[in-house]
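A structural walkthrough
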Amino acid sequence: MADSAVPLQADCCPDDHRANFVAQMRVVPGPVALICSADGDKRTGMAATAWNSLCAEPPMLLVCVNRSASANEMIVSSGRFSVNLLSTDDVETVAIFSAQRGLSGAARFLDGQWDTGELGQPMLKGAVAVFECELEARHSHGTHDIFIGRVRHMTKTVGAEPLLYMDGGYCTPAPLAAG
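The notes below deal with the structure included here. No experiment lies behind these values; they were computed from the predicted model shown.

Right, let's get into the side chain of Glu 132. Structurally, the position occupied by Glu 132 is in strand β9 (residues 129–141). Arg 80 is the oppositely charged side chain nearest to the buried, salt-bridge-free Glu 132, at an N-O distance of 6.7 Å. Apart from the residues within four sequence positions on either side, Glu 132 is in contact with Phe 81, Ser 82, Gly 117, Glu 118, Leu 119, Gly 120, Gln 121, Met 123, Arg 150, Val 151, Arg 152 and His 153.

As enumerated under the stated definition, the model contains seven salt bridges in all. One salt bridge connects Arg 67 with Asp 145, and the closest N-O pair in it is separated by 3.3 Å. Within this pair, whereas Arg 67 is found in the loop between β5 (59–66) and α2 (70–78), its partner Asp 145 is found in strand β10 (residues 144–156), the two being separated by 78 residues in sequence. Classification of Asp 145 as buried rests on a relative accessible area of 0%. The shortest N-O distance in the salt bridge between Asp 115 and Lys 125 comes to 3.9 Å. Highlighted residues: Asp 115 in strand β7 (residues 114–116) and Lys 125 in the loop between β8 (122–124) and β9, separated in sequence by ten residues. Residue Asp 115 is classed as partly exposed on the basis of its relative accessible area of 40%.

Rules and cut-offs
- Residues numbered from 1 in each chain as written.
- Predicted model: local features only at pLDDT ≥ 70, side-chain atom pairs only at ≥ 80, totals over all residues.
- Heavy atoms only, no water.
- Helix = DSSP H or I, 4+ residues; strand = E, 2+ residues; numbered from the N terminus.
- Buried < 20%, exposed > 50% of the residue type's maximum accessible area, 1.4 Å probe, protein only.
- Lys, Arg positive; Asp, Glu negative; His and termini not counted.
- Salt bridge = Lys/Arg side-chain N within 4 Å of Asp/Glu carboxyl O.
- Contact = heavy atoms within 4.5 Å.

Function-wise, these values are silent; they only describe arrangement.
Written as structure tokens, this is what we have:
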């Protein structure tokens, strides 16, 4: 049984409201993915939980990318991107793509770990699922752009367990006991 609800005020000062929102979002589990884009020989990417399916007819995803991120500019210039759902074996890959290892741009794409999709986008070997998308639309809100991509190609790794982010750490999904 869950503890009782704690009200968070929406009518307080903007800094407190932002802090309350960030704290609230920490309890929302999110699947960790690398949002990547390539334009010719240039490649970049970022770790993110702000992505999800949009519809199945036609198959589309949406990703939210801060306009200051290098991936934003590359998605706009190339008109393409990939979403690579990470497995529980990919915690170090998250660190690489979260600027914790001092790497940026194409240097984050370690040799032997990546394939190139039919649209020329980076596709992580061993990812739980990979979606290669063509950019359909872009919407700007606040600090981010929402990119809507039509899924053109997909791959998956059978048996890989997805990596989730929640409450400041990584976790895995676990089935509930029947009954």
